[in-house]
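Results of the structural survey
Letter by letter, the chains look like this.
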Amino acid sequence: MARILITSAIPYINGIKHLGNLVGSQLPADLFARYMRARGHEVLFICATDEHGTPAELAAAKAGKPVDAYCAEMHEVQAEIARGFRLSFDHFGRSSSQRNHRLTQHFAKALDDNGLIREVSEKQVYSIDDGRFLPDRYIEGTCPNCGYTSARGDQCDNCTKQLDPTDLINPRSTISGSTNLEVRETKHLYLMQRSLRDKLEAWIDSKTDWPILTTSIAKKWLNDGDGLQDRGITRDLHWGIPVQKGDQPWPGMEGKVFYVWFDAPIEYIAGTAEWADAKGLDDSAWERWWRTDKGASDVTYYQFMGKDNVPFHTLSFPATILGSGEPWKLVDYLKSFNYLNYDGGQFSTSRGRGVFMDQALSILPSDYWRWWLLSHAPESSDAEFTWENFQASVNKDLADVLGNLVSRVTKFAVSKFGATVPSGGTFGPQEAAVIADLGSRITTYSALMEEMEVRKAAAELRGIWVVGNEYLQSAAPWTVVKTDPDRAQAMVRLALNLIRVYAILSRPFIPDAAAAMMSAMGSDDWTWPEDISAALRTLPVGQAFTVPENLFRKITDEERADWQTRFSGIRV
RNA sequence: GGCUAGGUAGCUCAGCUGGUUAGAGCACGUGACUCAUAAUCACGGGGUCGGGGGUUCGAGUCCCCCCCUCGCCA
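To start, this report covers the structure provided alongside it. (Residues numbered from 1 in each chain as written. Chains lettered and ligands numbered in written order. Predicted model: local features only at pLDDT ≥ 70, side-chain atom pairs only at ≥ 80, totals over all residues. Heavy atoms only, no water.)

**Things to note about the overall build of chain A**
This is how it is decided: A run of H or I in DSSP becomes a helix once it reaches four residues, and a run of E becomes a strand once it reaches two; helices and strands are each numbered from the N terminus. Here the radius of gyration uses the C-alpha set of atoms, whereas the globule reference equals 2.2 Å times the residue count to the power 0.38. Relative accessibility decides the category of a residue: with a 1.4 Å probe and only protein chains considered, values under 20% of the type maximum give buried, values over 50% give exposed, and everything between is partly exposed. Here, residues are in contact when the closest pair of their heavy atoms is within 4.5 Å. Only the protein chains shown count as covering a residue, and every accessible area follows the Shrake-Rupley method with a 1.4 Å probe. Lys and Arg are tallied as positive, Asp and Glu as negative. Neither His nor the chain termini are counted. Note on charges: their place is set at NZ of Lys, CZ of Arg, CG of Asp or CD of Glu.
Each helix and strand in chain A was counted, giving 20 helices and 19 strands. Here the C-alpha atoms of chain A give a radius of gyration of 27 Å, agreeing with the 25 Å that 2.2 N^0.38 yields for 572 residues. Seen along its three principal axes, the alpha-carbon backbone of chain A occupies a region of about 95 × 55 × 40 Å. Across the 572 residues that make up chain A, the buried fraction comes to 57%. Here the analysis covers contacts within chain A between residues at least 6 apart in sequence; of these, 77% occur between residues at least 24 apart. Counting every atom, chain A has about 23,100 Å² of accessible surface; 48% of that belongs to carbon and sulfur. Once the 61 positive and 74 negative side-chain charges of chain A are each reduced to a mean point, those two points are 3 Å apart.

**Re the sheet that holds strand S2 (residues 42-49)**
Remark on secondary structure: sheet strands pair via backbone hydrogen bonds, oriented parallel or antiparallel. What counts is decided by this rule: Here a strand pair is declared whenever DSSP counts at least two bridges between the two strands. Here, axes are lines fitted to C-alpha atoms. For helices the fit covers the stretch in contact, and angles between N-to-C directions go from 0 to 180 degrees.
Within the open sheet, the 5 strands sit side by side as S3-S2-S1-S15-S16. Their pairing is parallel. A strand with exactly one partner marks an edge of an open sheet, and here the two such strands are strand S3 (91-94) and strand S16 (333-337). Each adjacent strand pair in this sheet contributes to an overall mean axis angle of 20 degrees, direction not counted. With 4 bridges joining them, S2 and S3 adopt parallel strand pairing. Within S3, the position partnered with Thr49 by the bridge is Arg94. Packed onto the sheet, helix H9 (residues 283-290) meets strand S1 (3-8), S2 and strand S15 (299-306) and runs at close to 85 degrees relative to S1. Against the sheet, helix H10 (residues 310-324) makes contact with S15 and S16, and its axis sits at roughly 140 degrees relative to S15, the strand it touches most.

**Here we look at the sheet that holds strand S7 (residues 151-152)**
Taken in spatial order, the 3 strands line up as S7-S6-S8 in an open sheet, and their pairing is antiparallel. Only two strands of the sheet have a single partner each, and these edge strands are S7 and strand S8 (169-173). Where strand S6 (residues 139-142) lies against S8, 3 bridges are found, and the strand directions are antiparallel. What sits directly across from Ile139, in S8, is Ser173.

**Concerning the layout of surface pockets**
The cut-off we apply is this: Both site types are read off a 1 Å grid over the protein atoms alone. A 1.4 Å probe that fits but cannot get out defines a cavity, while an open set with protein on both sides within 12 Å along at least five of seven lines defines a pocket; lining residues have an atom within 4 Å of a point. Grid points are joined across faces, edges and corners, and a volume is the space filled by probe spheres set on the points. Three residue categories are used. Nonpolar comprises Ala, Val, Leu, Ile, Met, Phe, Trp, Tyr, Cys and Pro, charged comprises Asp, Glu, Lys and Arg, and polar comprises the others, including Gly.
Taken as a whole, the second largest pocket encloses approximately 280 Å³ of empty space. As for the second largest pocket, its lining consists of Asn14, Gly15, Pro55, Leu58, Ala59, Lys62, Ala63, Tyr70 and Met74. Only helix H3 (54-63) and helix H4 (67-84) provide two or more residues apiece to the lining of the second largest pocket. The leading source of residues in the lining of the second largest pocket is H3, at 5 residues. Per-class residue counts for the lining of the second largest pocket are 6 nonpolar, 2 polar and 1 charged.

Shown next, in the form of structure tokens:
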């Protein structure tokens, strides 16, 4: 038994995420966690909400709520949706937790003690009416280059020329529209990533088994232009983790907070501490997952995220860990995903284009989405969601291949032999062939799951389902029963056992349907079928089973057309 | 403009270090079966692997140029 730590990139608190966000991190992480648990490993799966920063403050203001209350509320909303998708987090934490405050301040002190923090004085635009410094993208004005009146502080969207906020003519705050702005001098802390560059590069170079997507992004940042840059880790904001050196004040930094990208990944650790707190365990319970001097040396740590998060997880966060000089666990395997596009374009949160997690659950159960998203996960390149493809995949794979298999087996069995596992006959060559076929397929499937080859694993699982239909078709118990009822009973017995085995194998992808299959077979034995021959003889003869409701319903053309128009833009 | 990843059957995608007639699922056609959610199973048609050069006994797979998507960055 191995010890496996899994984290999913933490979703930002501001609003409900769309399916592209889901399939890029939380869902594949859940798949992997469920699989590893099924194999009997000790798994800890942590996620959280990322709560700090300007967007959270603005969203709270828009909602007319204090930012802490807003975050608490949105955290609960996201947690509820996560439960709806059956995301099996051991803990769903919050980056605003006290645990994260203390750890973030601790890391800042450790970095400073090691000479890796420097102070930088810089000029930034301050909005007097808003009472805050404005990040570049919250300033608009007239482009000095082309005269476009809605140029942003970092770039003009019209002429694409790169700008400095102070270049803008008649600059204004996009938050309030106020033009009462001035340039103020402010001091910030920078993490000296440059001095950790070689260490980081050596570490990245040692990860030869990582996806190309992951390492190529990391190397680009290490080598592009002047190479890895030092990074500001503080901001002039109110909502965030106060800048402190451990539990001591940081002279000159009063009133400032850490930058959200500094504290967010630390929440992986803090979230584990929150998990221990929630369980009433002491510090050693979470430290054994993170501190190699306190029992974590045998932990294998996996991270899951979309490609936009890769630089922070391959460079910035490791810089924090390595720079601390303390024995914290570094990620062992980083699985990254490309983007999911929506019907010929992008998912767009701001324009409400695409399907959001709450809407998805309002039209179909989570298993439908889990299956489609995972079997089409954007692993090697960006992938495309279309309603036609979704409909075809759900109807064929789930309803026809798997759902109908369960249906035909149980209904036939009940009508001929009653609602108990029949005792007659013995397994012969046909059954031996099925056992051999499944044995090798399960080996393949397991290997793909361990390699996190999500799409290929889904395809193999589907192949495993098809084996059941192939067997029934060639064995034809409905014909055999007329001349040799005992033989037909043996066939039915195998088929019923098949349903239980399929429940186990399918559970990481479609947990609800798997539970329904298992329960219909009157069993609760989820032991992984290492020995498929024995696994197909597990249900006791005479044990009662039930005919489950159809596991999956089909999506009609009318529904598809309706959804297609409903989710084409403008979220209602 | 720089960079990453892609451009393979109607659609969604596999094809590791170059090697027999380029694969899967869906869709389509034909047949079988009738237990089942008009489900299933078998067989079949369909691709000059974005374009053009080159290296090689041999290239979808390596090199060069060009075109086109997606994304990132400046």
